[in-house]
Amino acid sequence: MKFESQPSYSLGQRTPASREVAVGENGGNVTLVSQSALGAINRGRVLQALYDNGPKSRADLARLAGVNRTTITGIVQPMIEDQLLIEGDASPSDVKGGKPARPLYFNPDAPMLGAVLLLPGTIQTCLVALTGEIKAVAKAEFDTHGDTEAFIAVMTETLTATLSQAQQAPFGIGVASAGMIDSDNGTILTVNLAPVLTGLPLVAILQERFSLPVAIDHHPRALLVGDRWFGPGRGQQNFAAVYTGEVLGGAFFIDGKVYRGLAGSGGELGHTVVQIDGAPCNCGKHGCWETVAALPWLRKEAARMGLPHPKSVSCARLVKEADEGSNAAEELLVRYTRNVAFGIVNLQQTLSLNSYVLHGDIAGGGMKAAELIRQHVEQLVVKRPGQEISITVNGIGEGHTALRGAAGLVLSSHLKLVI
């Protein structure tokens, strides 16, 4: 399937970038910013205000985005004309004699975003509206040790099934992938649980086949982006996402931006060492956080303790059985959440993010698991006066969060949002 390539949206940027303006505060360093760049910054602020706060009037958007009220129309009107935003019905003004306010929000009929979640053995694709609504979901399986061309064929077929349901060419395709990802060059470096993906230049492959912009990032970072736009991270400036499953991973949102590191190397949390001379890890080191806080450890311990059907043990099952009176399930749940907490303690002591969103197996334990982790962290962290540490669970489900996050990768680049 081929789409006509769309120009990168500038969201109504129709004036030449011929002038530069000085931006600075309180006598500090002054940076020269071109007029077009300043316009893109302001548009990004407005869009982020909409994502963070929902439908708002022009006056409210000007206040929330920190832009001049006299220029807000010049920012939003081109987006209305480009059918990215729509105005709702007028509501009475709170100001006597004021004009009725018409709330602005994303147009549900605007071009959608293609999204892919690529995990060992499974592919999931969908279309995501700018409002976060998910449509046209397709799923497939692939051989993790199979032939590269066979995988590409399955990927192409699955993504084609989704994109063919778009009414118009999507803005682009975002991919959330397991493994180590070079997000700068669009390559999957290595996936220990799916060697067929190792070394795959997936962005170039998908761009050639679909003629659309493509972005890729590490699965936990996509979860973080999904949290940022559509979940518990909405409106926050600092937080982290932590994922547990067959592996452990995470990502950081610091000072309003996703931290990626060189070529996407930042956030390999599963391979931070929490136990010197501990158990061997798939990466070749010993004592990685992943070796004591992921499903392989949990199921090994369940078998050692004699829990029934240890190969199917999960955090959700431990919570259920603990609530039903199982002392063994309660004991293992406490140990599991403590092991997850140890890594969060290191993050808190290093970055002081204060807010952590759980995903994957540990999130299956719901608020009980989150509260146990919070208690462990509280006991182990040296807190500052007034400091509150939040441990939450994204309630919309890992798959949807990751797919929305993959779409968010396209949002950040194609719609000029800062993330």
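Going by an unreviewed UniProt entry, the protein chain carries the name NBD/HSP70 family sugar kinase and comes from Rhizobium binae.

Engineer: With reference to specific residues and values, describe the sheet that holds strand β12 (residues 239-244).
Structural biologist: Strand order in this open sheet of five strands is β14-β13-β12-β15-β16, and the pairing throughout is mixed. Whereas interior strands pair on both sides, the edge strands pair on one side only; in this sheet they are β14 (257-259) and β16 (390-393). The average undirected angle you get between the axes of adjacent strands in this sheet is 25°. Inspection of the sheet shows strand β13 (residues 248-254) paired to β14 by three bridges, in the antiparallel sense. Of the residues in β14, the one forming a bridge with Ile254 is Lys257. Set on the sheet, helix α6 (residues 219-230) makes contact with β12, β13, β14 and β15 (355-360); between it and β12 the angle comes to about 130°.

Engineer: I'd like a rundown of the layout of surface pockets, residues and numbers included.
Structural biologist: What the largest pocket holds in volume is close to 610 Å³. Ala178, Gly179, Leu193, Val247 and Leu248 are the residues nearest the centre of the largest pocket, which is lined by 32 residues in total. Mapped onto the lining of the largest pocket, the elements with two or more residues apiece are α6, β12 and β13. Residue composition of the lining of the largest pocket, grouped by class: 13 nonpolar, 14 polar and five charged.

Engineer: If you had to explain the pattern of salt bridges to someone new, which residues and values would you point to?
Structural biologist: Any two side chains of opposite charge can pair, so long as their charged atoms come close to each other. One pass over the full model with this rule turns up 16 salt bridges. A salt bridge links Lys368 to Glu330, with the nearest nitrogen and oxygen atoms 3.4 Å apart. One end of the pair, Lys368, is in helix α11 (residues 366-380); the other, Glu330, is in helix α10 (residues 327-351), and 38 residues separate them in sequence. Salt-bridge contacts for Arg374 lead to Glu378; the nearest nitrogen and oxygen are separated by 3.1 Å. One end of the pair is Arg374 and the other is Glu378, both in helix α11 and four residues apart, which spans about a single turn. When salt bridges that share partners are traced, they join Arg58, Glu87 and Arg102 into one network.

Engineer: Quick one: what's the story with the confidence of the model for the protein chain, residue by residue and with numbers?
Structural biologist: With 87% of its residues at a pLDDT of 70 or more, the protein chain has an overall mean of 86. For the stretch residues 5-28, pLDDT sits under 50, and the model shows 50 contacts to residues farther than four places along the chain or on other chains.

Engineer: Tell me about unusual backbone geometry, and please be specific about residues and values.
Structural biologist: Even without glycine at this site, Ser211 takes up a positive phi of about 55°. Locating Ser211 in the fold gives a position in the loop between α5 (202-210) and β11 (214-218). Take Ser211: its relative accessible area is 23%, and that puts it in the partly exposed class. Positive phi, normally seen in glycine, also occurs at Asn354, with a value near 75°. Note on placement: Asn354 falls in the loop between α10 and β15. What makes Asn354 partly exposed here is its relative accessible area of 23%.

Engineer: Help me get a handle on the nonpolar core, residues and values and all.
Structural biologist: Among the nonpolar cores identified, the biggest contains 82 residues, and Leu118, Leu130, Phe151, Ile173, Leu197 and Leu202 are the most heavily contacted of them. Sorting elements by how many residues they give to this core places helix α12 (residues 398-414) first, with seven residues. Counting 41 residues, the second largest nonpolar core, distinct from the first, contains Ala302, Ala329, Leu333 and Ile373.

Engineer: Quick one: what's the story with the sheet that holds β11, residue by residue and with numbers?
Structural biologist: Spatial strand order, β7-β6-β5-β8-β11: five strands in an open sheet with mixed pairing. On the outer flanks of this sheet lie β7 (134-141) and β11, each paired with one strand and no other. The sheet shows a mean angle of 15° between the axes of neighbouring strands, taken without regard to direction. Where strand β5 (residues 113-119) lies against strand β8 (residues 173-177), five bridges are found, and the strand directions are parallel.

Definitions and limits used
Residues numbered from 1 in each chain as written. Predicted model: local features only at pLDDT ≥ 70, side-chain atom pairs only at ≥ 80, totals over all residues. Heavy atoms only, no water. Pairing = 2+ DSSP bridges. Helix = DSSP H or I, 4+ residues; strand = E, 2+ residues; numbered from the N terminus. Axes fitted to C-alpha atoms, helices over the stretch in contact; angles between N-to-C directions. Contact = heavy atoms within 4.5 Å. 1 Å grid on protein atoms, 1.4 Å probe; cavity = no way out; pocket = protein on both sides within 12 Å on 5 of 7 lines; lining within 4 Å. Points joined across faces, edges and corners; volume = space filled by probe spheres on them. Nonpolar A, V, L, I, M, F, W, Y, C, P; charged D, E, K, R; others polar. Salt bridge = Lys/Arg side-chain N within 4 Å of Asp/Glu carboxyl O. pLDDT = per-residue confidence, 0-100. Buried < 20%, exposed > 50% of the residue type's maximum accessible area, 1.4 Å probe, protein only. Core = buried A, V, L, I, M, F, W, Y, C linked by side-chain atoms within 4.5 Å.

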